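Structural description and commentary
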Amino acid sequence: MDFTFDEQQIAFRDAIRKFLTVEAAPELLAEIWETPSGRSTELRAKAADQGLTALSVPEDYGGIGLGDLDWILIQQELGYYAIPDSLSDTAYLAVHLLKNLPPNGGFAGEWLRKIAAGKARVAVGHPVNPLVADAELADLLLLWHQDEIHAVKPADAKVSLNPSIDRSRRLYKVRWTPAPATRIAAAGAGRALWEGVLDRAALAAAAQLLGLAQRMLDLGIDYSAQRKQFGKPVGSFQAVKHHLADVAVKIEFARPVMFRAAYALSRNDARQAVAVSHAKLAAGEAATLAARRSLQVHGAMGYTWETDLQMFMKRA
Amino acid sequence: MRLEYTERQNAFRAEIRDWLKAHVPRQPLESFDTEAGFAQHRAWEAKLFSGRWSAVTWPVEMGGRGCDLIEWLIFEEEYWAASAPLRVNQNGVFLLAPTLMEFGTAEQKARFLPRMAAGEDIWAQGWSEPGAGSDLAAIRCKAEVQGDHYVLTGQKTWSTRAVWADWVFGLFRSDPASQRHHGLSFLLLPLKTKGITIRPIRQLNGMTGFAEIFFDNVKVPVENRIGEEGAGWSIAMATAGFERGLMLRSPGRFQQTAKNLVELYQRHRDTADADPSLRDAVIKSWMDAEAYALATYATASRLARGGQIGAEASTNKIVWSELDLLMHETAMRILGARAELMPDAPDAGDIGHWLDGFLFAQAGPIYAGTNEIQRNIIAERMLGLPRA
């Protein structure tokens, strides 16, 4: 029984954290939020330079060949910095589908290479959400149809934006027609792949939620140490302390659950779906509490567009 | 990361499981808060010791097995899964022993540890006083130096197991001019010593689980002091976080209760399913017990790699005490009209232990440092919020 990550995994996480601290400051996020596409090609290119798009692409296709356990640390950082991009949809979910496809005449290899090189955005549409993130910017759409997997070119789909309260998410209704030419996996093979994608999507969401929870806690701590009332920092009052201590406890006890889920996925464990569901619930609970409590600690400032908190809260 | 047990760990699990299967009494023992029950539990400690299972984390030469934390967690999982008796010497084995190991002299270790492991000495703890509860540094109980003795005067309270125990350990003010956490000494003394009066306190459940201890010129030899005179506070606190935080309430205990709760729910689905929120509460109980276990394994593996314990003692305390409440409240809801029946009520069947557990769970957020104090510790030491 060993829950610790190895030095390489930690070093990679630390490098990504450093990169995001510099390149994804809240001021930049606020700017990106206001752009029409909601995406920064520059940030995405820099993320690719850091190896983030190549993370789980097999080495044969120019990737780094890492897996679920490596991703879990990175996903937490993507959450902590509220990265306004569906990076994980391309680099984690689409890659999982593509690299496990039945023989496909080099189709998957071509796209895996593009993804690893940071030259492709792939949107993934699963019926658990009727809308598809970043469908308009995508170079390729991987879509569910009766458990089959279809690869649809942007020109063959009609997309319409559905604004979300979280402006870091750009969600689209996608209208398209399934055809034998778009089908890249039959229902038999597709079903297991979609299940694998759903588990990984839930786990990625859990990890990002925990990253967000930690960020909202940190923002609450910073604010409560600075903000003075009755001549003292509000963070010195027990009522405020206890609000934030509760959040810390939720995060601490959700994290090992999430690690166990990632481990189960990496081992193709028979109970992986249970482990993932537990992680998603625990992380969601931590993030919801973090949002609620951090907002309370921020007082009226928390209810404004002007504090950074609002971006993290909405993403959570 | 490797979340499987080693072969050695699996073999260890099999060994303790077999031993417990052969030795756990078929009939549950009487409560150790009665004279007869206390004697039964003392005999059980001796039985555990005969199999070298009474203090598995201790070094072999002290009567233990030198188990690491992972093995200890495995031991506890099996112990609770086997419905083995509660540990009457918990204060000694899990609270005092780690302090003795770290700060005791060779003579003190040889004198106290083997008898503790064998259940020959059962230990009570003497921390709280009427004026020193959450504010433990307000201790006033005096230990006046007279030659090679201390003379104790004052009062301790909420002293767990003190009604029937043999020895007590606690903090006493040895420097009369001192304030707060200075000038306290860590002393050990037999409860049969002249000048001691013990008044049992009746708990919420009607039993006398703890007591007040009155000291009227009680003589304690200087060699019964652990560590330096006046260093009692730091000695008491040094091992507090590390051992108690992980060992006071192991996850195995709550995982077993969660499992029992799932069974209780399954037996009562015909009535319980009328309220769908009950099912959610059962599932949440199971998940939280699982999370507590995973978090403890995560801490243990971090420590095994040379990491330091952080605020786990405080975060754990909040989690297990709230989980225990949730589980027992849920059981009470499932049992409905029968929930209030005393264990010996003719129509209570085998459900009475849930009421016992429910009452005991009420104490969880209070003892071993209230949850409010734990939240202060988390906020100040883990999150770095300013002190009041």
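Residues numbered from 1 in each chain as written. Chains lettered and ligands numbered in written order. Predicted model: local features only at pLDDT ≥ 70, side-chain atom pairs only at ≥ 80, totals over all residues.

Along the backbone of chain B there are twelve helices and eight strands. Scaling as 2.2 N^0.38, a compact globule of 388 residues should have a C-alpha radius of gyration of about 21 Å, and chain B matches this with 21 Å. For the C-alpha atoms alone, the extent of chain B along its principal axes is close to 70 × 50 × 45 Å. For chain B, the proportion of its 388 residues judged to be buried stands at 41%. (Helix = DSSP H or I, 4+ residues; strand = E, 2+ residues; numbered from the N terminus. Rg over C-alpha atoms; globule rule 2.2 N^0.38 Å. Buried ≥ 20, exposed ≤ 12 C-beta atoms within 10 Å, placed from the backbone.)

Here we come to the overall build of chain A. Tallying secondary structure elements over chain A gives ten helices and nine strands in all. Radius of gyration (C-alpha) of chain A: 20 Å, near the 20 Å computed for a compact globule of 316 residues. Residues classed as buried in chain A amount to 50% of the 316 residues present. Across chain A, contacts joining residues at least 24 apart in sequence account for 68% of those joining residues at least 6 apart. (Contact = placed C-beta atoms within 7 Å.)

The subject of this paragraph is the packing of helix H1 (residues 7-23) of chain B against helix H3 (residues 69-81) of chain B. Residue and element names in this part refer to chain B. Running from N to C, H1 and H3 cross one another at 30 degrees; their axes reach a closest spacing of 9 Å. As for how H1 packs across H3, the hand of that crossing is right-handed. Facing H1, whose interface residues are Gln9, Phe12, Arg13, Ile16, Arg17 and Leu20, H3 presents Ile70, Glu71, Ile74, Phe75, Glu78 and Tyr79. (Axes fitted to C-alpha atoms, helices over the stretch in contact; angles between N-to-C directions. Left-handed = near helix turned anticlockwise from the far one by under 90°.)

This part takes up the domain arrangement of chain B. Residues and elements named next belong to chain B. We note that the domain assignment places domain 1 (7-117), domain 2 (123-232) and domain 3 (249-382) within chain B. Centre-to-centre, using C-alpha coordinates, domain 1 lies 23 Å away from domain 3. Each partner contributes to the interface: domain 1 provides nine residues, whereas domain 3 provides eleven residues. Across the side of domain 1 that touches domain 3, the residue classes break down as six nonpolar, no polar and three charged. (Domains from an automatic or database assignment. Nonpolar A, V, L, I, M, F, W, Y, C, P; charged D, E, K, R; others polar.)

Residues and elements named next belong to chain A. Strand order in this open sheet of four strands is E1-E3-E4-E7, and the pairing throughout is mixed. Across the chains shown, the open sheet's two edge strands, defined by having one partner strand only, are strand E1 (122-125) and strand E7 (183-185). Averaged over neighbouring strand pairs, the angle between their axes works out to 30 degrees when direction is ignored. As judged from the four bridges shared by E1 and strand E3 (residues 140-145), these two strands associate in the parallel manner. Residue pairing for E3: Val122 is matched across the bridge by Leu140. Relative to E1, helix H5 (residues 87-99) is tilted by about 65 degrees, and along the sheet it contacts E1, E3 and strand E4 (148-152). (Pairing = 2+ DSSP bridges.)

So, about the sheet that holds strand E2 (residues 132-133) of chain A. All names here are of chain A. Sheet architecture is open: three strands sit in the order E2-E6-E5, paired in antiparallel fashion. Because the sheet does not close on itself, it has two edges, and the strands there are E2 and strand E5 (158-163). Relative to strand E6 (residues 170-175), E5 runs antiparallel, the two sharing six bridges. Across the sheet, the residue bridging to Pro163 is Arg170, located in E6.

Here the focus is the interface of chain A and chain B. Across the boundary between the two partners, chain A contributes 29 residues, which contact 30 residues of chain B. Counting residues per element, the ones that place at least two in the side of chain A that touches chain B are helix H7 (187-226), helix H8 (238-266) and helix H9 (272-298) of chain A. No other element matches H8(A), which puts 14 residues into the side of chain A that touches chain B. When grouped by side-chain class, the residues that make up the side of chain A that touches chain B number 18 nonpolar, seven polar and four charged.

Looking now at the confidence of the model for chain B. Low-confidence regions, as indicated by low pLDDT, have predicted coordinates that should not be scrutinised in detail. Mean pLDDT over chain B works out to 94, with 98% of the residues at or above the 70 mark. Our summary of model confidence lists the complex with pTM equal to 0.95 and ipTM equal to 0.95. (pLDDT = per-residue confidence, 0-100.)

Turning next to the environment of Thr296(B). Residue and element names in this part refer to chain B. Inspection of the secondary structure puts Thr296 in helix H9 (residues 276-304). Residues Thr296 and Leu246, spaced 50 residues apart in sequence, show a C-alpha to C-alpha distance of 7.3 Å. When neighbours within four sequence positions are excluded, Thr296 is seen to be in contact with Leu73, Leu246 and Pro251.

We now examine the nonpolar core. In summary, soluble globular proteins display a tendency toward joint burial of nonpolar side chains. All names here are of chain A. By size, the foremost hydrophobic cluster in this structure holds 201 residues, and its most contacted members are Leu141, Ala213, Met216, Leu244 and Met258. In terms of residues, this core owes the most to one element, H7, which gives 18 residues. When neighbours within four sequence positions are excluded, Met216 is seen to be in contact with Ala290, Ala291, Ser294, Leu309, Phe312, Met313 and Ala316. (Core = buried A, V, L, I, M, F, W, Y, C linked by C-beta atoms within 7 Å.)

Residues and elements named next belong to chain B. Assignment of secondary structure puts His353 in helix H11 (residues 352-363). According to the C-beta neighbour criterion, His353 is partly exposed, with 14 such atoms within 10 Å. Taking C-alpha positions, His353 is 8.6 Å from Met342, a pair spaced eleven residues apart along the chain.

Looking now at H3(B). Residues and elements named next belong to chain B. The terminal C-alpha atoms of H3, which comprises 13 residues, lie 18 Å apart, in line with the 18 Å expected from a rise of 1.5 Å per residue. Here H3 has its buried residues at Ile70, Glu71, Leu73, Ile74, Phe75, Glu76, Glu77, Glu78 and Tyr79. Elements that come into contact with the buried residues of H3 comprise H1, helix H7 (251-267) and H9. Backbone geometry just downstream of H3 places Ser83 in the positive-phi region, at approximately 50 degrees. (Expected span 1.5 Å × (residues − 1).)

Moving on, we get to the environment of Val122(A). Residues and elements named next belong to chain A. Within the fold, Val122 resides in strand E1. Sequence separation between Val122 and Leu140 is 18 residues, and the spatial gap between their C-alpha atoms is 4.9 Å. Ignoring sequence-local partners within four residues, the contact set of Val122 consists of Thr90, Ala94, Trp111, Ile115, Ala138, Asp139, Leu140 and Leu142.

All names here are of chain B. For strand E3 (residues 149-160) and strand E7 (residues 210-221), the ladder comprises ten bridges, and the chain directions are antiparallel. Bridge assignment links Thr160 to a residue of E7, and that residue is Phe210. Where strand E6 (residues 196-201) meets E7, six bridges bridge the pair, whose relative direction is antiparallel. Paired with Pro200 across the strands is Ala211, a residue of E7.

Residues and elements named next belong to chain A. Of the pairings in the sheet, the one linking E2 to E6 comprises two bridges and is antiparallel in character. Bridged to Ala133 within E6 is Leu171. Between E5 and the antiparallel strand that follows it, E6, lie six residues.

Here we take up unusual backbone geometry. What is expected of a backbone is that most residues other than glycine have negative phi and most peptide bonds are trans. Positive phi, normally seen in glycine, also occurs at Asn268(A), with a value near 55 degrees. If you check the backbone angles, Asn217(B) has positive phi at about 55 degrees while not being a glycine. Relative to the assigned elements, Asn217(B) resides in strand E7.

Quick look at the packing of H5(A) against helix H6 (residues 107-116) of chain A now. Residues and elements named next belong to chain A. Axis separation between H5 and H6 bottoms out at 10 Å; the angle between their running directions is 160 degrees. Accordingly, the angle class assigned to the pair H5 and H6 is roughly antiparallel. For the pair H5 and H6, the sense of crossing is left-handed. Each of Thr90, Ala91, Ala94, Val95, Leu98 and Lys99 in H5 lies in contact with H6, whose residues at this interface are Ala108, Trp111, Leu112 and Ile115. (Parallel < 35°, antiparallel > 145°, perpendicular 65-115°, else oblique.)

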